Amino acid sequence: MDIAGEFALDAGITYLNTASSGIGPLRAAEALRTAAASWSGGTDDWLRHERALSAARAAYARITGVAAERVALGSSVSTHVGMIATALPAGAEVVLADGDFSSLVNPFASRADVTVRTVPLEGIADAVRPATALVAVSAVQSADGRVADLAAVREAASRHGARVLVDATQAAGWLPLSADGLDYVVCGGYKWLLAPRGVSFLTVREGAEDGVSAQFAGWYAAEDPWDDCYGPVTRLARSARRFDVLPPLLPYLAGAVSLGLVEELGVEAVGAHDTALAERFRAGLLRLGHKAVPSGARPSAIVAVPGLGDAAERLAAAGIRVSARAGNLRAAFHLYNTEADVDRLLRVLAA
């Protein structure tokens with residue numbers, strides 16, 4: 001991909017760990033430096049922050065195929081999920097995938113009056129039944145990169161009258177994903193969207209607002225924030241902004257720039273690039289006698305290799321950044337990676 005001048009990794013570093021955290025583009029880092037200087041110099045400008053928040057909201061909406069009015073901003077996935085978990089009535093049943101990420105699972109598991117059923121990812125659509133109130137699943141599994149069959153989940157939920165919550169943290173930015181038609185989509189922006197930590201999104205389908213609690217709403221969630229910032233908020237925003245948890249401002253200044261880069265390159269093109277590198281790695285693993293975890297419903301940008309988790313430390317010593325998850329070696333490929341990175345990883349593993 002043509003990303004010349006967009007990134008500046010240290011010499012000798014092969015970074016294959018976007019599933020843990022993405023690399024910040026230089027243009028986003030510069031926006032953050034400028035903002036930090038204004039903050040420390042007493043010249044900070046609220047309008048600059050408002051523009052960045054609006055730009056990030058609009059860019060994420062376009063990336064996920066919804067109207068900007070359907071997007072709420074925050075700082076963490078667990079807070080967004082907690083707003084949904086809080087709104088569930090006592091006795092509700094929630095279906096989750098075995099081993100899904102804790103930020104998606106724990107807000108439901110922490111409610112003693114909610115029934116939580118966990119099932120294998122491949123059987124999550126079949127597990128939906130008339131008693132199910134909500135199905136919550138990651139579009140791509142953090143531990144091993146398996147891609148969920150969201151079409152099947154959505155169809156099963158619709159058939160039984162359940163709602164669907166999707167965590168797109170390991171997908172948005174490389175996996176073409178339409179949040180339109182899904183009741184709720186949450187996403188941490190610091191991985192494939194290349195934003196700093198502290199940038200997160202929640203989309204709420206029109207008509208599904210009753211499934212999200214506004215008890216976390218502060219002054220910024222008001223229809224007219226500056227006219228309604230003392231005492232109880234008298235009128236929440238008509239849009240999904242009513243679910244905004246006032247975002248940390250500095251990360252969004254950089255995050256808006258990072259999302260702009262993802263938009264420029266195009267999610268389809270980024271996904272094709274990422275998955276081609278992942279497939280190259282899978283093929284090389286087979287030649288070395290290792291078999292990766294199958295990717296699921298479609299090719300994944302994340303490759304997990306059972307039995308090689310202990311190789312992560314040796315790879316780090318060689319300047320190759322990967323991670324160990326659930327006993328697997330996990331490599332994640334993104335737009336700043338090349339075929340040479342894949343081949344270097346395979347050479348060190350072979351040695």
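Please refer to the structure placed before this passage.
On a predicted model such as this, the values are computed, not experimentally measured, just so you know.

> Would you mind going over the pairing of strand β12 (residues 328–332) with me for this structure?
For a regular strand, side-chain orientation follows a simple rule: the groups alternate between the two sheet faces. A large share of β12 lies buried, amounting to five of its five residues. In β12, alternate side chains face the same way, and those of Asn328, Arg330 and Ala332 on one face and Leu329 and Ala331 on the other are all buried. Sheet analysis places strand β9 (residues 302–306) next to β12, joined by five bridges and oriented antiparallel. Paired with Ile302 across the two strands is Ala332, which belongs to β12. As paired elements, strand β11 (residues 323–325) and β12 share three bridges and run antiparallel to each other. Across the sheet, residue Arg325 finds its bridge partner in β12, namely Asn328.

> Explain unusual backbone geometry to me, please; I cannot follow it from the model alone.
Trans is the common state for peptide bonds, and a negative phi is the common state for residues other than glycine. The backbone phi angle of Leu194 is positive, close to 65 degrees, even though this residue is not glycine. Turning to its location among the elements, Leu194 is positioned in the loop between β7 (184–188) and β8 (200–204). Of note in the backbone geometry, Ala326 takes a positive phi value of approximately 55 degrees without being a glycine.

> What's the story with the packing of aromatic side chains in this structure? I'm lost.
Given two aromatic rings, their pairing is described by the distance between the two centres and the angle made by the two planes. Tallying each qualifying case throughout the model produces 11 aromatic pairs. Each ring, one from Phe7 and one from Tyr336, has its centre 5.0 Å from the other, and the planes form 75 degrees; the classification is edge-to-face. Here the residue Phe7 occupies a position in the segment before β1 (14–15), and Tyr336 occupies one in the loop between β12 and α9 (339–350), the gap between them amounting to 329 residues. Taken as a pair, Phe7 and Tyr336 share a single burial class, namely buried. Taking 6.3 Å as the distance between ring centres and 75 degrees as the angle between the ring planes, the aromatic pair formed by Phe201 and Tyr252 counts as edge-to-face. Highlighted residues: Phe201 in strand β8 and Tyr252 in helix α6 (residues 249–265), separated in sequence by 51 residues. Across the pair, Tyr252 and Phe201 agree in class, each one buried. Each member of the aromatic cluster is reached from another via a ring pair, and the members are Trp46, Trp219, Tyr220 and Trp226. Over the ring of Tyr220 we find Arg241; its NZ or CZ atom is 5.9 Å from the centre of that ring.

> What is the right way to look at the sheet that holds β11 in this model?
Working definition: the strands of a sheet are paired by backbone hydrogen bonds and lie parallel or antiparallel to each other. The strand order across the open sheet built from three strands is β9-β12-β11, with neighbouring strands paired in antiparallel fashion. Looking at strand neighbours, the two that pair on one side only are β9 and β11, the edges of this open sheet. Shown here is a sheet whose adjacent strand axes are inclined to one another by a mean of 35 degrees, direction ignored. Taken strand by strand, helix α7 (residues 267–287) contacts β9 and β12, and its axis lies near 20 degrees from that of β9.

> Sorry, what's going on with the sheet that holds strand β6 (residues 163–167) here?
Across the sheet, which stays open at both edges, the seven strands sit in the order β2-β8-β7-β6-β5-β3-β4 with mixed pairing between neighbours. Every other strand in the sheet has two partners, leaving β2 (71–74) and β4 (115–119) as the edge strands with one partner each. Each strand of the sheet is rotated relative to its neighbour by a mean of 20 degrees, with strand direction disregarded. With five bridges joining them, β7 and β8 adopt antiparallel strand pairing. Bridge pairing in β8 places Val186 opposite Leu202. Lying on the sheet, helix α2 (residues 46–64) is in contact with β2, β7 and β8; it crosses β2 at an angle near 125 degrees.

> I would appreciate a short explanation of the nonpolar core in the present structure.
The biggest cluster of nonpolar side chains holds 68 residues, and the ones touching the most others in it are Leu193 and Phe201. Not counting the four nearest positions on each side in its chain, Leu193 is found in contact with Tyr60, Ile63, Ala172, Gly173, Cys187, Phe201, Ser258, Leu259 and Val262.

> Would you mind showing me how to read α2 here?
Along an α-helix, residues three or four apart share an orientation, since each turn contains 3.6 residues. Helix length check: α2, at 19 residues, gives a terminal C-alpha distance of 27 Å against a target of 27 Å (1.5 Å per residue), a fit within 8%. Looking only at α2, the buried set comprises His49, Ala52, Leu53, Ala56, Arg57, Ala59, Tyr60, Ala61, Ile63 and Thr64. Elements in contact with the buried residues of α2: β2, β7, β8, α6 and α7. Capping the start of α2, Asp45 holds a side-chain oxygen 3.0 Å from the backbone nitrogen of Leu47, two or three residues further along. Of the residues trailing α2, Gly65 is marked for its positive phi of about 75 degrees.

What counts, and at which threshold
- Residues numbered from 1 in each chain as written.
- Predicted model: local features only at pLDDT ≥ 70, side-chain atom pairs only at ≥ 80, totals over all residues.
- Heavy atoms only, no water.
- Buried < 20%, exposed > 50% of the residue type's maximum accessible area, 1.4 Å probe, protein only.
- Helix = DSSP H or I, 4+ residues; strand = E, 2+ residues; numbered from the N terminus.
- Pairing = 2+ DSSP bridges.
- Phe/Tyr/Trp six-rings, centres within 6.5 Å; stacked < 30°, edge-to-face > 60°.
- Lys NZ or Arg CZ within 6 Å of the ring centre and 35° of its normal.
- Axes fitted to C-alpha atoms, helices over the stretch in contact; angles between N-to-C directions.
- Contact = heavy atoms within 4.5 Å.
- Core = buried A, V, L, I, M, F, W, Y, C linked by side-chain atoms within 4.5 Å.
- Expected span 1.5 Å × (residues − 1).
- Polar contact = N/O pair within 3.5 Å; in protein donor to acceptor, adjacent residues only side chain to side chain.

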